[in-house]
Amino acid sequence: MTPPWLVSSEGGVGPLGGPWQDVEGALRTVRNTVVRMVDPDAESVEADLVAGRIKCPGCGSGLRPWGHARVRPLRDHGSPSAMRPRRSICPPCVNSPGAQKTHVLLPKVALLRRADTSTTIGEALLAWHVEERPRREVAARAGVPIDTFRGWRRRFGQRADQIRVQFTELAHEWDPEQGAVTARAMPGLDALEAIGVAAQAAVRRFGADDAEPLWQLVAGASAGRLLCNTSSPLPRPP
Ligand SMILES: [Zn+2]
């Protein structure tokens, strides 16, 4: 069984208001970008988009191609590249007052507001919290300045309790037999444990063949908001 969000079904919906002509401008700012996380395989996303298989988070209709978002840099362990996420439009929502009309399709290799891949960031958090490597070594391995790594740590620490709770809930949803992940004195470590437990539950639920790479799963399940300063809860996979 393929998890429904493996392709694209979950989305993170950020605040966005104002008239239609403001949408283009608003999408240039990440804070207001309405994003759906999609598979990193651009060809399969394109095929799904054209076929209407990527659903609008607002109304469930098939999203349609609508140009591209801006090009954004993406580093993988320091190796620079760039990506240009696809943008989509929901025809029924265009005529629905107040509805979100367009959605950026962000590949799960990326996180919102971060120029480094989800794997780069996730592995650095593991190296710091679990392996207890020195910060300079972790930053060097991730290929980022030490200040960048410090920013990841700080934001992850701020969100750690929320991440622990929500990935624990996901683990229970995927495997009702799953025991609780209890909070201890180290929020970052607890959050990473909950992420690991959820990933294992996903494998039990969906099978190893359909298992996603860990940090791709996390990017998808958090709607790209693992390190976002947001008070809104993580969206739930349908
Ligand atoms: Zn819609």
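Residues numbered from 1 in each chain as written. Predicted model: local features only at pLDDT ≥ 70, side-chain atom pairs only at ≥ 80, totals over all residues.

Chemist: Just checking my understanding: could you explain the overall build of the chain for this structure?
Modeler: Helix and strand content of the chain: 8 helices and 7 strands. Sorting the 238 residues of the chain into buried and exposed places 42% on the buried side. A separation of at least 24 residues holds for 62% of the contacts in the chain among residues at least 6 apart in sequence. (Helix = DSSP H or I, 4+ residues; strand = E, 2+ residues; numbered from the N terminus. Buried ≥ 20, exposed ≤ 12 C-beta atoms within 10 Å, placed from the backbone. Contact = placed C-beta atoms within 7 Å.)

Chemist: Got a minute to help me understand the nonpolar core in this structure?
Modeler: Nonpolar side chains in soluble globular proteins tend to end up buried together. Ranked by internal contacts, the top residues of the largest apolar core, which has 55 residues, are Ala124, Ala171, Ala194, Ile195 and Ala198. Put simply, the parts of the chain that give this core at least two residues each are strand 2 (35–38), helix 2 (42–50), strand 7 (102–107), helix 4 (118–129), helix 5 (135–142), helix 6 (146–174), helix 7 (187–206) and helix 8 (214–221). Of the residues that make up this core, three or more belong to each of domain 1 (1–107) and domain 2 (114–227). Contact partners of Ala194, with chain neighbours within four places excluded, come to Ile163, Arg164, Phe167, Thr168, Ala171 and Val181. (Core = buried A, V, L, I, M, F, W, Y, C linked by C-beta atoms within 7 Å. Domains from an automatic or database assignment.)

Chemist: Just checking my understanding: could you explain the environment of Arg164 for this structure?
Modeler: Here Arg164 lies in helix 6. Here Arg164 falls in the buried class, since 24 other C-beta atoms lie within 10 Å of it. Along the backbone, Arg164 and Ala183 are 19 residues apart, and their C-alpha atoms lie at a distance of 8.1 Å. Excluding anything up to four places from it in sequence, Arg164 contacts Val181, Ala183, Asp190, Ala191 and Ala194.

Chemist: What am I meant to see in the packing of helix 4 against helix 8 here?
Modeler: Describing two packed helices takes the angle between their axes plus the distance from one axis to the other. Where helix 4 meets helix 8, the axes come as close as 9 Å, and the angle between the chain directions of the two elements is 105°. Here helix 4 lies roughly perpendicular to helix 8, going by the angle between them. On helix 8, the residues that touch Ser118, Thr119 and Gly122 of helix 4 are Leu214, Trp215, Gln216, Val218 and Ala219. A class-by-class count of the residues in the contact of helix 4 with helix 8 yields 4 nonpolar, 4 polar and no charged. (Axes fitted to C-alpha atoms, helices over the stretch in contact; angles between N-to-C directions. Parallel < 35°, antiparallel > 145°, perpendicular 65-115°, else oblique. Nonpolar A, V, L, I, M, F, W, Y, C, P; charged D, E, K, R; others polar.)

Chemist: Explain the pairing of strand 4 (residues 72–76) to me, please; I cannot follow it from the model alone.
Modeler: Side-chain positions along a regular strand alternate between the two faces of the sheet. Sheet topology note: the strand 4/strand 5 (residues 79–83) ladder contains 5 bridges and is antiparallel. Bridge assignment links Arg75 to a residue of strand 5, and that residue is Pro80. Turn length for the strand 4-strand 5 hairpin, with the two strands adjacent in sequence and antiparallel, is 2 residues, and the turn residue His77 shows positive phi of about 50°. (Pairing = 2+ DSSP bridges.)

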